[in-house]
Amino acid sequence: MKDYMIRAIAAGGQVRAFAADTRETVEYARAAHNTSPVVTAGLGRLLTAGSMMGSMMKGERDVLTLKAEGSGPVGHYLVTADSHGNVKGYAANPDVILPANAAGKLDVAGSLGVGLLTVIKDLGLKEPYTGTCELITGEIADDITYYFATSEQTPSSVGLGVLMTKENTVNVAGGFIIQIMPDATEETISAVEEKITSITSVTGMLEKGMTPEDILQYILGDLELEILDRTEVAFVCDCSKEKVSKALAAINKEDLQGIIDDGEDIEIKCHFCNKTYGFSVEEMEKML
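Since this is a predicted model, take the numbers as computed values, not measurements.

Colleague: If you had to explain the pairing of strand E5 (residues 86-91) to someone new, which residues and values would you point to?
Modeller: Most of E5 is tucked away: five of the six residues are buried. Alignment of strand E4 (residues 76-82) against E5, held across five bridges, turns out to be antiparallel. Along E5, the bridge assignment pairs Ala-81 with Val-87. Linking E4 to E5, which pair antiparallel, is a turn of three residues; within it Gly-85 sits at a positive phi near 90 degrees. Looking at chain direction, E5 and strand E11 (residues 234-235) are connected through two bridges and run parallel. Its bridge partner being in E11, Asn-86 is matched across the sheet by Ala-234.

Colleague: Quick rundown of unusual backbone geometry? Include the residues and the values.
Modeller: The phi dihedral of Ala-11 is positive, around 55 degrees, even though this residue is not glycine. Within the secondary structure layout, Ala-11 lies in the loop between strand E1 (4-10) and strand E2 (15-21). Note on Ala-11: relative accessible area 13%, which makes it buried. With phi around 70 degrees, Asn-274 is a residue other than glycine that occupies positive phi space.

Colleague: Tell me about a negative patch on the surface, residues and numbers included.
Modeller: Taken together, the side chains of Asp-261, Asp-262, Glu-264, Asp-265, Glu-267, Glu-282 and Glu-285 define an acidic patch exposed on the protein surface. On the secondary structure map, Asp-262 appears in the loop between helix H9 (253-261) and strand E12 (266-269). For Asp-262, a relative accessible area of 61% puts it in the exposed group.

Colleague: So, the environment of Ser-111: which residues are in play, and what are the values?
Modeller: In this structure, Ser-111 sits in helix H3 (residues 108-112). For the pair Ser-111 and Tyr-146, spaced 35 residues apart in sequence, the C-alpha to C-alpha distance is 19 Å. Sequence-distant contacts of Ser-111, defined by excluding residues within four places in its chain, comprise Val-38, Gly-72, Pro-73, Val-74, Gly-75, Tyr-77 and Leu-98. From its side chain, Ser-111 meets the backbone oxygen of Val-108 in a polar contact 2.6 Å long.

Colleague: Please set out the packing of aromatic side chains residue by residue, giving values where relevant.
Modeller: This structure, assessed with the given rule, holds three aromatic pairs. Here Tyr-147 and Phe-148 contribute two aromatic rings whose centre-to-centre distance is 5.6 Å and whose plane-to-plane angle is 55 degrees, an arrangement assigned as tilted. You can call Tyr-147 buried: its relative accessible area is 0%. Assessed through its relative accessible area of 1%, Phe-148 is described here as buried. We note Lys-241 situated over the ring of Phe-279; from NZ or CZ to the ring centre the distance is 5.1 Å.

Colleague: Explain helix H4 (residues 141-151) to me, and be specific about the residues and the numbers.
Modeller: Burial in H4 covers these residues: Ala-141, Asp-143, Ile-144, Tyr-147 and Phe-148. In a view along the axis of H4, the buried residues occupy a sector of 165 degrees, so they form one face of it. Looking at the packing, one finds that the buried side of H4 touches helix H2 (37-54), strand E6 (115-122), strand E7 (129-134), strand E8 (156-164) and strand E9 (170-180).

Colleague: I'd love a proper account of the packing of H2 against H4, names of residues and values included.
Modeller: Look at H2 against H4: their axes get within 11 Å of each other, and the N-to-C directions meet at 35 degrees. For the pair H2 and H4, contact is made by Leu-46, Ala-49 and Met-53 and by Ile-144, Tyr-147 and Phe-148, respectively. Here the contact of H2 with H4 is built from residues that sort into six nonpolar, no polar and no charged.

Colleague: Describe the sheet that holds E6, naming the residues involved and giving the relevant values.
Modeller: Strand pairing within a sheet occurs via backbone hydrogen bonds; the two strands may be parallel or antiparallel. Spatial strand order, E7-E6-E3-E4-E5-E11: six strands in an open sheet with mixed pairing. The strands lining the two open edges of the sheet, one partner per strand, are E7 and E11. Relative to E4, strand E3 (residues 63-70) runs antiparallel, the two sharing seven bridges. The residue bridging Leu-66 from the neighbouring strand is Val-79, located in E4. Contacts from H2 reach E3, E4, E5, E6 and E11 within the one sheet, and its direction differs from that of E4 by about 30 degrees.

Parameters and conventions
Residues numbered from 1 in each chain as written. Predicted model: local features only at pLDDT ≥ 70, side-chain atom pairs only at ≥ 80, totals over all residues. Heavy atoms only, no water. Buried < 20%, exposed > 50% of the residue type's maximum accessible area, 1.4 Å probe, protein only. Helix = DSSP H or I, 4+ residues; strand = E, 2+ residues; numbered from the N terminus. Pairing = 2+ DSSP bridges. Patch = residues over 30% accessible without salt bridge, like charges linked within 9 Å, V, L, I, M, F, W, Y side chains within 5 Å. Areas by Shrake-Rupley, 256 points an atom, 1.4 Å probe, with all protein chains shown as cover. Salt bridge = Lys/Arg side-chain N within 4 Å of Asp/Glu carboxyl O. Lys, Arg positive; Asp, Glu negative; His and termini not counted. Charge placed at Lys NZ, Arg CZ, Asp CG, Glu CD. Contact = heavy atoms within 4.5 Å. Polar contact = N/O pair within 3.5 Å; in protein donor to acceptor, adjacent residues only side chain to side chain. Phe/Tyr/Trp six-rings, centres within 6.5 Å; stacked < 30°, edge-to-face > 60°. Lys NZ or Arg CZ within 6 Å of the ring centre and 35° of its normal. Arc of directions from axis to C-beta. Axes fitted to C-alpha atoms, helices over the stretch in contact; angles between N-to-C directions. Nonpolar A, V, L, I, M, F, W, Y, C, P; charged D, E, K, R; others polar.

Set out below in structure tokens:
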């Protein structure tokens with residue numbers, strides 16, 4: 001079954017919610033970048049969050065960028081998403097190997113270290129919206145929850161998870177975002193908080209075979225949950241040789257001439273999908 005996410009409301013619009021199953025998307029990223037297990041977990045969580053946060057945007061061409069950057073060995077995770085469920089991303093250092101954390105789980109926080117989470121929304125205006133907050137735990141879900149509270153003043157609960165197999169492929173991946181709207185009553189808030197605190201882990205729910213619908217039903221089923229729509233999620237990169245050639249042609253003419261003078265064909269990789277594009281000396285001469 002293809003990855004997908006759902007968008008819903010509850011309690012007559014006092015709560016809005018998102019949930020996603022992203023196993024295939026995260027597995028695609030793992031295979032494309034040959035990421036280590038801890039990097040797969042970190043990148044997978046951010047890809048999942050990006051897919052849901054992207055769906056919050058309304059414009060056809062709106063683009064969301066999430067960057068978690070810290071002092072840890074991974075350097076940074078970077079993800080972009082649109083409003084149609086298309087998401088892509090990479091880790092600066094995909095090969096990080098770390099021992100398990102104190103809870104015996106993949107140490108995503110250790111891979112990131114101390115740093116910042118940056119959210120950029122390109123809504124087609126002159127300047128994109130940019131929000132930044134500290135990485136309070138480095139576990140991604142906690143950091144995005146903190147971002148919503150501090151930068152968008154929206155009380156939220158974010159749950160994200162990636163579970164690996166013994167063969168280091170992706171077993172399950174997904175998550176949810178629950179947001180309290182300004183008109184929510186104390187009764188509604190208490191009911192949501194009680195359910196959220198009873199969740200032990202997102203991966204545990206997914207391992208049991210729970211779908212995004214099941215997850216939101218568990219959390220919000222007592223509050224008249226209403227599912228609004230369902231959107232497929234996939235790792236989609238829009239790179240092409242034409243786009244890469246434009247970027248190559250835009251570099252300093254002296255630098256491009258230096259590459260040509262070396263007399264050798266070159267290859268350029270896309271950061272997001274790792275696809276390689278080759279350019280011959282003749283092609284570069286035409287650019288010049």
